[in-house]
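Chain and residue survey
Listed below are the residues making up each chain.
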Amino acid sequence: MEDAAIVELYWQRDQQAIRETETKYGAYCRHIARNILEDGEDAEECLSDTWLSAWQSIPPHRPERLSTFLGKLTRNLSLSRLRERNAQKRGGGEPEAALEELSECIAAREDAQDALETRELGRLLRDFAARLGKTERDVFVSRYYFLASLEELSRRTGFSQSKLKSMLFRTRKKLKRVLEEEGYR
């Protein structure tokens, strides 16, 4: 079923929308949740939360790209679940490692003047990623947005983990330079 038709089912409050969403995007969203949570049971719960969140968000929201909308919901819900799960114990898995790697470029902010700065930072990151070569961009986005493990990236790209680490290190250095030029840090 086409995305526009699925979104229309949500607007009509037809529960078939959830079944169609799961059929078309279940594997995609499950992959995102498993990359972040590294636990099948948590990933499945997160998927249920994603479908509920989509049901609650559409309407009033009418997403232009349903895949992006659902991917973002899944990612945000998975990261929230990961933070909750690790509140009592410190992590140490791939998602934490990927976020730690990126933290050397983007410092955490404590104050609440963030809304505008967060939007600007998002624009800078999109522009930065758009200037990267296709392979470098795919590896960067997979690692730092979808939190793919180095092992998974190695299987997908055919590059050794060592090569991927070097590529990601160089890309983070470029990102850090761009951010510093824009006044971040």
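Structure's up top.
Residues numbered from 1 in each chain as written. Predicted model: local features only at pLDDT ≥ 70, side-chain atom pairs only at ≥ 80, totals over all residues. Heavy atoms only, no water.

**Details of the pattern of salt bridges**
Per the stated rule, a full pass over the model turns up eleven salt bridges. Between arginine 62 and glutamate 8 there is a salt bridge; the shortest N-O distance is 3.6 Å. In this pair, arginine 62 sits in the loop between helix H3 (40-57) and helix H4 (66-85) while glutamate 8 sits in helix H1 (residues 3-11), placing the two residues 54 residues apart along the sequence. With a relative accessible area of 44%, arginine 62 lands in the partly exposed category. Here aspartate 127 ties to arginine 123 by a salt bridge, and the two come within 2.7 Å at their closest N and O atoms. Residue aspartate 127 and its partner arginine 123 are both found in helix H6 (residues 114-131); the two are separated by four residues, about one turn of the helix. (Salt bridge = Lys/Arg side-chain N within 4 Å of Asp/Glu carboxyl O. Helix = DSSP H or I, 4+ residues; strand = E, 2+ residues; numbered from the N terminus. Buried < 20%, exposed > 50% of the residue type's maximum accessible area, 1.4 Å probe, protein only.)

**Remarks on unusual backbone geometry**
The step from isoleucine 58 to proline 59 runs through a cis peptide bond, and the omega angle for that step is -20°. Considering the arrangement of structural elements, one finds proline 59 in the loop between H3 and H4. Residue glutamate 38 is not a glycine yet carries a positive backbone phi of 55°. Inspection of the secondary structure assignment puts glutamate 38 in the loop between helix H2 (16-37) and H3.

**Looking at H2**
For an α-helix the count is 3.6 residues per turn, leaving residues at separations of three or four pointing the same way. At tyrosine 25, H2 shows its maximal bend, which comes to roughly 65°. The complete set of buried residues in H2 reads Ala17, Glu20, Thr21, Tyr25, Gly26, Cys29, Ile32, Ala33, Asn35, Ile36 and Leu37. Backbone geometry just downstream of H2 places glutamate 38 in the positive-phi region, at approximately 55°. (Bend = angle between axes of the 7 residues up to and from the residue.)

**Structural notes on the side chain of glutamate 152**
If you trace the backbone, glutamate 152 turns up in helix H8 (residues 150-157). Relative accessible area serves as the criterion here: at 10%, glutamate 152 is assigned to the buried category. Beyond its immediate stretch of four places on either side in the chain, glutamate 152 contacts His31 and Asn35. (Contact = heavy atoms within 4.5 Å.)

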